[in-house]
Amino acid sequence: IHSFNLEYDVSNTLINDPRFRTYNLYVDVQKLWNVVSLQLGRQPIYSSVAGGVFDGATLGFDYSGFKLLGYYGGNVPPYQDWDVADFSSNNFIAGGEFSIYALTDWRFAAKYINKNFPSQSYEAVRLDPELNPINVLIENASNQYEYLSGEVSYYKQKLYNFNARYSYDLNYTTTS
C-alpha cells in the first residue's frame, strides 16, 4: 500500500524543489492463519488521541470477537522525507489496543499510546538586563505525551449508534 506526492513550485524556484513526500509505503499481511495481521513500513496510525504516520511495525491478533493490536516505530522525518525514521529513546511511538467485539452490536476498547518527539533547540534574540540584544539558546523539554483511553460503542444497524470515550493523560495525571 502506498501514497506519494511530488511537488514543485513552477512560478518560483525554492531551495527544496522538487520535494518528494512518502506518506505511506508498507507491506500489509492480513489473516495469517485467520488470526494474525502484520504491517511493516511507513504506515498510518489512527487512535483516539493521536494520528499521523510512523515508520515501524504493527502486529495484530483477531480471534473470536477479541482483538489485540500493538505497534512500535519512529516518528516520520519532517515533510515525509524518504529517509527512514530515527528509532531512539526520544523519537518513537508505541502503543496498543485491546478490543472486545464478542457481544452483538457492542464494542469495548482499552488503548494506550506513548509518542515522543525529540526536543528541538533554537536560538532567539532576547534583551539582557541593560536592554542589549543577545542570542539565547532555547532548549525545550521533551515533546512526549502518553495516554490511556477507554471506549464503548453500540451500533444498531442503520437505526442509531452510541459512542463514548474517556482519555487520561498520564503525564499530567488528569482527564484529557
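All residue numbers refer to positions counted from 1 along the written sequence of the respective chain. Only residues with pLDDT of at least 70 get local features here, since the model is predicted, and only at 80 or more are side-chain atom pairs given and counted; chain-wide, interface and lining totals rely on the full set of residues. Neither water nor hydrogens contribute to the side-chain values; these are computed over all heavy atoms in the structure.

(A) Representation of the pattern of salt bridges. Note on definitions: salt bridges are taken to be side-chain nitrogens of Lys or Arg within 4 Å of carboxyl oxygens of Asp or Glu. Applying the stated criterion across every chain yields a total of five salt bridges. Of the charged contacts in the structure, one is a salt bridge between Asp105 and Lys156, with a shortest N-O distance of 3.3 Å. Remark: Lys156 occurs in strand 10 (residues 145-156) and Asp105 occurs in the loop between strand 6 (92-100) and strand 7 (106-116); sequence separation between them is 51 residues. Burial classes: relative accessible area under 20% of the type maximum marks a residue as buried, over 50% as exposed, and values in between as partly exposed (1.4 Å probe, protein chains only). Look at Lys156 and you get partly exposed, because its relative accessible area is 33%. A salt bridge links Arg107 to Glu151, with the shortest nitrogen-to-oxygen separation between them at 2.5 Å. In this pair, Arg107 sits in strand 7 while Glu151 sits in strand 10, placing the two residues 44 residues apart along the sequence. Look at Arg107 and you get buried, because its relative accessible area is 15%. One salt-bridge network, held together by shared partners, links Glu97, Arg107, Lys111 and Glu151. Here a helix means four or more residues in a row that DSSP labels H or I, a strand means two or more in a row labelled E, and each is numbered from the N terminus.

(B) Expanded view of the confidence of the model for the protein chain. Per-residue confidence from the predictor is reported as pLDDT, a score between 0 and 100. Scored by pLDDT, the protein chain comes out at a mean of 85, with 85% of its residues at no less than 70. Mean pLDDT in the protein chain bottoms out at strand 1 (residues 2-7), which sits at 65, and peaks at strand 6, which reaches 94.

(C) Representation of a nonpolar patch on the surface in the model. Residues form patches when they are more than 30% accessible in relative terms and have no salt bridge. Like charges link within 9 Å. Nonpolar side chains (Val, Leu, Ile, Met, Phe, Trp, Tyr) link within 5 Å. Only the protein chains shown count as covering a residue, and every accessible area follows the Shrake-Rupley method with a 1.4 Å probe. On the surface, a cluster of nonpolar side chains totalling about 430 Å² of accessible area is made up of Leu59, Phe61, Phe66, Leu68 and Phe98. If you trace the backbone, Phe61 turns up in strand 4 (residues 51-63).

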